[in-house]
Amino acid sequence: MIERIWSGSSLVYLLLLPLSWLYGLVSGLIRLSYRCGLRKSWRAPVPVVIVGNLTAGGNGKTPMVIWLVEQLQQRGYRVGVVSRGYGGKSAVYPLVLDAQTTTRQAGDEPVLIYQRTGTPVAISPKRAEAVQALLNQGELDLIITDDGLQHYALQRDFELVVIDGVRRFGNGWWLPAGPMRERVSRLKTVDACVANGGVAQPGEIAMKLQAQDAVNIASGERRPAIELPHVVAMAGIGHPPRFFATLEKLGVEVEREVAFADHQEYNHGQLAALASQGQTLLMTEKDAVKCRAFAQPDWWYLPVEAVLPTEQAEQLLQGIQKLIK
């Protein structure tokens, strides 16, 4: 229902417009208060790169963060990542992740980034505290924040916005009548725009999510996803249809699709009931980090990699590298 409202195909959004105007007013006043110095923002002693978006829902920020971290690591830079840790319920903040940190504590995306890249990751609702916690543990050349474009309490040196290249900006209204956290005009002030899928518009960098082999959660075995038998596909991400469309493009014959809410917690009984004997449960990597402790032998996940055009990718990286002293 929310997708129909935000896309403009349902007139229900008209009933929500007063709340959207209020949202836009409050968010605009908050941003203005930082620009005028009425609220204090903190500048880190190292460059800060924001990877965020203008719309609610899954746009591909986390794969973009992972791509940036890995690219900068390959160039010899020490990179840290901070996040709000949405969906996590840590007893203390800031929390610096380690091998024992669970998604219940830190949220799924920070754990995924930590496990994929091995880079230092910290979470806190106050991102400045997360940055300080990382810097207290060792020297870093750069901090990347997963989300946080609207978190003006932390000053930034580079803003990168990830856009859903298919859904774009929906009906263009602020939440809750539309998907917007800020208006499209905000793009004029950012340093780079990346379009995930669809057709990149002038000035945007095209990004595609390329699927790798499926990975068995319990054993780590890798196998082409198309070879998995009797697949039941599940996704608890911001936009589950993107995952199902990826499987279709790979030629995977899916017998059943199950969509969950973003950041939803899982338990063994809940997921075991999705697939009957002889079926294979295939999920996103973001889902897999939440169920490693109770994964069954026939549970698999499909990792994806962000892929950017070589020339534009190099220009983006050079722009970020110039920030590092």
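From a predicted model like this one, the values you see are computed outputs, not experimental measurements. (Residues numbered from 1 in each chain as written. Predicted model: local features only at pLDDT ≥ 70, side-chain atom pairs only at ≥ 80, totals over all residues. Heavy atoms only, no water.)

*Asks:* Which residues make up the UniProt feature "transmembrane region" (unreviewed entry) in the protein, and what are the values?
*Replies:* UniProt records the feature "transmembrane region" (unreviewed entry) at residues 12-34, using the numbering of this structure. A helix fraction of 96% and a strand fraction of 0% characterise residues 12-34, whose end C-alpha atoms lie 34 Å from each other. (UniProt positions renumbered as here; feature names shortened; annotations may be inferred. Helix = DSSP H or I, 4+ residues; strand = E, 2+ residues; numbered from the N terminus.)

*Asks:* Describe the nonpolar core, naming the residues involved and giving the relevant values.
*Replies:* Within the largest apolar cluster, 36 residues are counted, with the highest numbers of intra-cluster contacts made by Met64, Trp67, Leu68, Ile144, Leu160, Leu308 and Leu316. Of all the elements, helix 3 (residues 61-74) adds the most residues to this core, at 7 residues. Those residues within four positions of isoleucine 144 in sequence are excluded, and the remaining contacts are Val49, Val51, Val65, Leu68, Val69, Leu72, Val79, Gly80, Val81 and Val82. Listed in part, the 22 residues of the second largest apolar core include Ile50, Leu154, Ile163 and Val190. (Core = buried A, V, L, I, M, F, W, Y, C linked by side-chain atoms within 4.5 Å. Buried < 20%, exposed > 50% of the residue type's maximum accessible area, 1.4 Å probe, protein only. Contact = heavy atoms within 4.5 Å.)

*Asks:* Can you lay out the sheet that holds strand 6 (residues 158-164) for me, pointing to particular residues and giving the numbers?
*Replies:* Taking strand neighbours across the sheet as the criterion, the 9 strands line up as 3-4-2-5-1-6-7-8-15 in an open arrangement whose pairing is mixed. Of all strands in the sheet, those bounded by a partner on one side alone are strand 3 (95-96) and strand 15 (304-307). Inspection of the sheet shows strand 2 (residues 79-83) paired to strand 4 (residues 121-123) by 3 bridges, in the parallel sense. In the sheet register, valine 81 faces strand 4, and the bridge partner there is valine 121. Contacts from helix 3 reach strand 1 (48-52), strand 2, strand 5 (142-146), strand 6, strand 7 (192-196), strand 8 (204-211) and strand 15 within the one sheet, and its direction differs from that of strand 5 by about 165 degrees. Relative to strand 4, helix 5 (residues 108-117) is tilted by about 170 degrees, and along the sheet it contacts strand 2, strand 4, strand 5 and strand 15. (Pairing = 2+ DSSP bridges. Axes fitted to C-alpha atoms, helices over the stretch in contact; angles between N-to-C directions.)

*Asks:* Before we move on, can you summarise the pattern of salt bridges with the specific residues and values?
*Replies:* A side chain of one charge can pair with a side chain of the opposite charge if their charged atoms are brought near each other. Applying the stated rule across the entire model yields 18 salt bridges. The salt bridge involving arginine 43 is made with aspartate 157; its shortest N-O contact spans 2.9 Å. Of this pair, arginine 43 sits in the loop between helix 2 (13-35) and strand 1 while aspartate 157 sits in the loop between strand 5 and strand 6; the two residues are 114 residues apart in sequence, bridging distant segments of the chain. You can call arginine 43 partly exposed: its relative accessible area is 43%. Judged by its relative accessible area of 29%, aspartate 157 is partly exposed. Linking glutamate 159 and arginine 186 is a salt bridge whose minimum nitrogen-to-oxygen distance equals 2.8 Å. Of this pair, glutamate 159 sits in strand 6 while arginine 186 is found in the loop between strand 6 and strand 7, placing the two residues 27 residues apart along the sequence. A relative accessible area of 7% means that glutamate 159 is categorised as buried. (Salt bridge = Lys/Arg side-chain N within 4 Å of Asp/Glu carboxyl O.)

*Asks:* So what's going on with the pairing of strand 13 (residues 280-284)? Residues and values would help.
*Replies:* Where burial is concerned, most of strand 13 is hidden: 5 out of the 5 residues are buried. Summarising the sheet, strand 11 (residues 231-235) and strand 13 pair through 3 bridges and their orientation is parallel. Looking at strand 13, one finds that valine 231 is bridged to threonine 280. In the sheet, strand 13 pairs with strand 14 (residues 299-302) via 4 bridges, with the strands oriented parallel. Opposite leucine 281, over in strand 14, you have tryptophan 299 as the bridge partner.

*Asks:* Outline the sheet that holds strand 13, listing residues and values.
*Replies:* The sheet built from 6 strands is open, its strands ordered 10-9-14-13-11-12 with mixed pairing. The open sheet has two free edges, formed respectively by strand 10 (222-223) and strand 12 (254-259), since each of these has just one partner strand. As judged from the 2 bridges shared by strand 9 (residues 214-216) and strand 10, these two strands associate in the antiparallel manner. The partner of alanine 214 across the bridge, within strand 10, is arginine 223. Running at roughly 150 degrees to strand 11, helix 7 (residues 240-250) makes contact with strand 11, strand 12, strand 13 and strand 14 of the sheet.

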